[in-house]
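Topology and contacts: notes
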Amino acid sequence: DIVMTQSPLSLPVTPGEPASISCRSSQSLLHDTGYNYLDWYLQKPGQSPQLLIYLGSTRASGVPARFSGSGSGTDFTLEISRVEADDVGVYYCMQSLQTPITFGQGTRLEIK
Amino acid sequence: EVRMVESGGGLVKPGGSLRLSCATSGFTLSSFSVSWVRQAPGKGLEWVASFITGSNDVYYGDSFKGRFTISRVHTKNSVFLQMNNLRADDTAVYYCVRLGSHGYKGDFDYWGPGTLVSVSS
């Protein structure tokens with residue numbers, strides 16, 4: 001199974017400041033198509049998860065431009081350019097290159 | 001508007017069975033793949049199973065093979081998860097998820113609100 005490791009697990013951020021979450025996979029997620037099969041999800045308090053980024057770096061519909069995804073192979077990063085209060089919640093990376101599909105442990109972003 | 005609404009959760013004894021349903025609307029179910037993802041209380045996300053449109057291939061997490069069955073009845077706009085031989089550690093909120101149209105097994109673009117399954121004697 002591909003193991004997904006996120007860091008940090010807790011991320012306190014001042015509003016207006018940037019934030020960065022790392023996700024590393026135990027195997028390369030680069031598919032023959034040239035895409036990385038890596039998604040990012042946000043689960044806000046009391047809500048279902050929502051898709052933020054797919055294929056490593058493409059923002060999902062309606063996702064603000066302050067969210068960006070980067071990386072390739074085994075190292076990926078989710079960046080928020082300027083954190084807002086509405087961004088609190090748990091962020092998960094997920095690989096779907098192989099089954100079983102696996103998630104990272106989650107990174108809890110909180111506002112300072 | 002795309003909607004996924006789960007039902008069928010509840011309290012069941014260890015060894016028992018439940019059938020979860022997911023009513024979909026706002027899109028043509030036969031054109032999209034679907035998955036189930038669960039979340040134990042206070043824990044992270046765990047993929048359970050996927051049904052891939054076109055090929056009708058199904059995939060399961062190791063913990064669910066032989067116990068759970070995912071199915072789709074597009075004429076009823078519904079997805080199902082038959083869960084047998086339930087254990088206490090199956091206690092979780094179960095989410096029905098639509099896969100986007102980018103041709104891979106991820107891209108979970110729409111999630112239902114979830115249904116709680118509690119396994120306890």
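The paragraphs below set out a description of the structure included in this document. (Residues numbered from 1 in each chain as written. Chains lettered and ligands numbered in written order. Predicted model: local features only at pLDDT ≥ 70, side-chain atom pairs only at ≥ 80, totals over all residues. Heavy atoms only, no water.)

Quick look at the side chain of B:Arg72
Residues and elements named next belong to chain B. Stated formally: Think of it this way: any DSSP run of H or I at least four residues long counts as a helix, any run of E at least two long counts as a strand, and we number them from the N terminus. Between N or O atoms, a polar contact is any pair within 3.5 Å; within protein, one atom must be a potential hydrogen donor and the other a potential acceptor, and residues adjacent in sequence are included only when both atoms are from side chains. Here, residues are in contact when the closest pair of their heavy atoms is within 4.5 Å.
In this fold, Arg-72 is placed in strand 7 (residues 68-73). A distance of 3.2 Å separates a polar atom in the side chain of Arg-72 from the backbone oxygen of Leu-29. A polar side-chain atom of Arg-72 sits 3.0 Å from a polar atom in the side chain of Thr-53. With residues up to four places along the chain from it excluded, the contact list for Arg-72 reads Leu-29, Ser-30, Phe-32, Phe-51, Thr-53, Asn-56, Ser-78 and Val-79.

Structural notes on the interface of chain A and chain B
The criterion, for reference: Defined in terms of a 1.4 Å probe, buried area is the accessible area two parts forfeit on being brought together, summed over both. Salt bridges are defined as contacts in which a side-chain nitrogen from Lys or Arg sits within 4 Å of a carboxyl oxygen from Asp or Glu. In this classification, the charged set is Asp, Glu, Lys and Arg, the nonpolar set is Ala, Val, Leu, Ile, Met, Phe, Trp, Tyr, Cys and Pro, and all remaining amino acids, among them Gly, are polar.
If you look at the interface, chain A gives 18 residues, while chain B gives 22 residues. Interface area, chain A with chain B, both sides summed: about 1600 Å², of which 65% is carbon and sulfur. Among the residues chain A hides against chain B, the three largest losses belong to A:Pro49, A:Ile101 and A:Phe103. Together they make up 29% of the total. The interface formed by chain A and chain B holds 0 salt bridges in total. Taken together, the connections running from chain A to chain B amount to 10 residue pairs in polar contact (both at pLDDT 80 or more). Mapped onto the side of chain A that touches chain B, the elements with two or more residues apiece are strand 4 (38-43), strand 5 (49-54) and strand 9 (89-95) of chain A. Residues of the side of chain A that touches chain B, tallied by class, amount to 11 nonpolar, 5 polar and 2 charged.

Here's the deal with the pattern of salt bridges
Side chains bearing opposite charge may pair, as long as their charged atoms lie close to each other. Residue and element names in this part refer to chain A. Stated formally: Relative accessibility decides the category of a residue: with a 1.4 Å probe and only protein chains considered, values under 20% of the type maximum give buried, values over 50% give exposed, and everything between is partly exposed.
Applying the stated rule across the entire model yields 10 salt bridges over all chains. Linking Asp-75 and Arg-24 is a salt bridge whose minimum nitrogen-to-oxygen distance equals 3.1 Å. One end of the pair, Asp-75, is in strand 8 (residues 75-80); the other, Arg-24, is in strand 3 (residues 19-25), and 51 residues separate them in sequence. The class for Asp-75 is partly exposed, based on a relative accessible area of 39%. Among the ionic pairs, Asp-86 bridges to Lys-44, the shortest N-O distance being 2.7 Å.

A look at the environment of B:Pro113
For B:Pro113, the location among the structural elements is in the loop between strand 10 (108-111) and strand 11 (115-119). Residue classification places B:Pro113 among the exposed positions, given a relative accessible area of 55%. With 11 residues separating them in the primary sequence, B:Pro113 and B:His102 have C-alpha atoms 23 Å apart. In this view, B:Pro113 contacts A:Ser48, B:Met4, B:Val5, B:Glu6 and B:Tyr95; residues no more than four positions away in its chain are not counted.

Comments concerning the nonpolar core
Put simply, the test is: Here the nonpolar core consists of buried residues drawn from Ala, Val, Leu, Ile, Met, Phe, Trp, Tyr and Cys, with membership extended through side-chain atoms lying within 4.5 Å.
Among the nonpolar cores identified, the biggest contains 43 residues, and A:Trp40, A:Leu52, A:Tyr91, A:Phe103 and B:Phe108 are the most heavily contacted of them. The element best represented in this core is strand 9 of chain A, accounting for 5 residues. Here B:Phe108 is in contact with A:Asp39, A:Tyr41, A:Leu51, A:Met94, A:Ile101, A:Phe103, B:Ser35, B:Val37, B:Trp47, B:Val97, B:Arg98 and B:Leu99, once residues within four sequence places are set aside. B:Leu20, B:Phe27, B:Leu29 and B:Val117 belong to the second-largest nonpolar core, a separate cluster that totals 27 residues.

Thoughts on the state of the cysteines
Covalent bonding between the sulfur atoms of two cysteines defines a disulfide. For clarity, the cut-off: Any two cysteine sulfur atoms lying within 2.5 Å of each other are counted as a disulfide.
All chains considered together, the criterion is met by 2 disulfides over all chains. Disulfide pairing places A:Cys23 opposite A:Cys93 at an S-S distance of 2.1 Å. For the disulfide bridge between A:Cys23 and A:Cys93, the dihedral angle about the S-S bond is near 75°, and by the sign convention the bridge is right-handed. Pair noted here: A:Cys23 is in strand 3 and A:Cys93 is in strand 9, with a separation of 70 residues, a long-range link. Here A:Cys23 and A:Cys93 have matching classes, each one buried. One disulfide in the model links B:Cys22 with B:Cys96; its S-S distance is 2.1 Å. The disulfide joining B:Cys22 to B:Cys96 has a torsion of about -85° about its S-S bond and is therefore left-handed. With a gap of 74 residues between them, B:Cys22 in strand 3 (residues 18-25) and B:Cys96 in strand 9 (residues 92-99) connect regions that are remote in the sequence.

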